[in-house]
Amino acid sequence: MNLSDSQTGGPGPRRVSAMEAVLGHLRDAIERGEYPIGDKLPSEAELCRTLEVSRPVLREALRALQTMGLTVAKTGKGTFVVADRVDDPRFGDYSASDLLEVRRHIEIPVAGYAAVRRTPDNLDRLNHLLDRMERESDTTAWVAMDTLFHLSVAEAAQNPVFRRVIEEIRDALARQSAFLNELGGRREQSNREHRAIVEALADGSERGAVEAMTHHLDRVETTLTEILRSDGTRPVDAGARSGAGALPGEGLSV
């Protein structure tokens, strides 16, 4: 079985990477019960040989399975199946649903504050960062700048508490960003969404910034749900949407 980069995703326009092909194969095998809960997956060497992929590709796929909550890796023992369906993946210390809920209730009003409080230096920093992101081809570098972008929007709101909150979830944001870019091809779309946010900040449009950030987080949630959904799974909880489009001071309590 060859799951090399030459494989495509069928009629769709986006190529399926080797990692995605391996992930899809292993996930399907787990969900079909080929590897029941409690079972150990074959060794890395055996999987590489069977699937005809490199060890780095396989390890990326195994990390994605862990993020989805389907497996756990035990040092010196191997990778074990702990679930046969995807419910709520984890990005570091936080679940996807918790992260999305907090982002909606923090980053959306923060964008509105930033639109009315940003300084010329804030805008210069954001525009320079966006220019770099649009030129960047390395995923790891882009992900680092993605989290820096959201920190910079928080800084533009001129409230250090907002920045501290984004700092707290920075690692989770980076893990989520890498996951969405690897499996959802989000980079170009994210660049456009980020550009729309900065344009609203430059215009001083509070409502425009709120709408642009809301759209950005909607697309994050949609892509994540598309990646995770398969037969028998449920989409990520979107219950945090209440008040998502509120302007600063509306529907935000502490």
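Residues numbered from 1 in each chain as written. Predicted model: local features only at pLDDT ≥ 70, side-chain atom pairs only at ≥ 80, totals over all residues. Heavy atoms only, no water.

S.K.: Residues and numbers for empty space enclosed by the protein, please.
M.R.: By the definition in use, this model includes 3 cavities of 30 Å³ or more. Computed from the structure, the largest cavity encloses a volume of approximately 130 Å³. Taken together, 14 residues line the largest cavity, and the ones lying closest to its centre are Arg 103, Asp 146, Gln 176, Ser 177 and Val 220. (1 Å grid on protein atoms, 1.4 Å probe; cavity = no way out; pocket = protein on both sides within 12 Å on 5 of 7 lines; lining within 4 Å. Points joined across faces, edges and corners; volume = space filled by probe spheres on them.)

S.K.: Describe the confidence of the model for the chain, listing the residues and the values that go with them.
M.R.: Averaged over all residues, the pLDDT of the chain equals 85, while 84% of them reach at least 70. Low pLDDT (under 50) marks residues 5–13, which in the prediction has 12 contacts with non-local residues, meaning those over four places away or in another chain. Low pLDDT, under 50, characterises residues 231–254; the stretch is placed with 47 contacts to residues that sit more than four places away or in other chains. (pLDDT = per-residue confidence, 0-100. Contact = heavy atoms within 4.5 Å.)

S.K.: Which residues make up unusual backbone geometry, and what are the values?
M.R.: A positive phi is found at Glu 52, a non-glycine position, where the angle reads about 60 degrees. The residue Glu 52 is located in the loop between helix 2 (44–51) and helix 3 (55–67) in this model. Since its relative accessible area comes to 43%, Glu 52 is described here as partly exposed. Even without glycine at this site, Gln 158 takes up a positive phi of about 60 degrees. Mapped onto the elements of the fold, Gln 158 is located in the loop between helix 6 (139–156) and helix 7 (160–168). (Helix = DSSP H or I, 4+ residues; strand = E, 2+ residues; numbered from the N terminus. Buried < 20%, exposed > 50% of the residue type's maximum accessible area, 1.4 Å probe, protein only.)

S.K.: Pulling in residues and values, what's your account of the pattern of salt bridges?
M.R.: Following the criterion strictly, the structure yields 17 salt bridges and no others. In this structure, the salt-bridge partner of Glu 31 is Arg 27, at a minimum N-O distance of 3.0 Å. Here the residue Glu 31 and the residue Arg 27 both occupy positions in helix 1 (residues 18–31), the gap between them amounting to 4 residues, near one helical turn. Notably, a salt bridge pairs Arg 59 with Glu 44, separated by 2.8 Å at the nearest N-O pair. (Salt bridge = Lys/Arg side-chain N within 4 Å of Asp/Glu carboxyl O.)

S.K.: Please provide a residue-by-residue account of the layout of surface pockets, values included.
M.R.: There is about 490 Å³ of room inside the largest pocket. Around the largest pocket, the lining is made up of 17 residues, and of these Glu 60, Arg 63, Arg 175, Ala 178 and Phe 179 lie nearest the centre. Mapped onto the lining of the largest pocket, the elements with two or more residues apiece are helix 3, strand 3 (90–91), helix 6 and helix 8 (170–184). Counted by class, the lining of the largest pocket contains 7 nonpolar, 5 polar and 5 charged residues. Considered as a void within the structure, the second largest pocket measures approximately 240 Å³ in volume. (Nonpolar A, V, L, I, M, F, W, Y, C, P; charged D, E, K, R; others polar.)

S.K.: Could you give an account of the packing of helix 6 against helix 9 (residues 187–203), with specific residues and numbers?
M.R.: Between helix 6 and helix 9, the least distance of the axes is 12 Å, while the angle of their chain directions is 25 degrees. With respect to helix 9, the axis of helix 6 lies roughly parallel. For the pair helix 6 and helix 9, the crossing hand works out as left-handed. Note on element contacts: helix 9 touches helix 6 through Arg 187, Ser 190, Asn 191, His 194, Ile 197 and Val 198, opposite Thr 139, Trp 142, Asp 146, Phe 149 and His 150. (Axes fitted to C-alpha atoms, helices over the stretch in contact; angles between N-to-C directions. Parallel < 35°, antiparallel > 145°, perpendicular 65-115°, else oblique. Left-handed = near helix turned anticlockwise from the far one by under 90°.)

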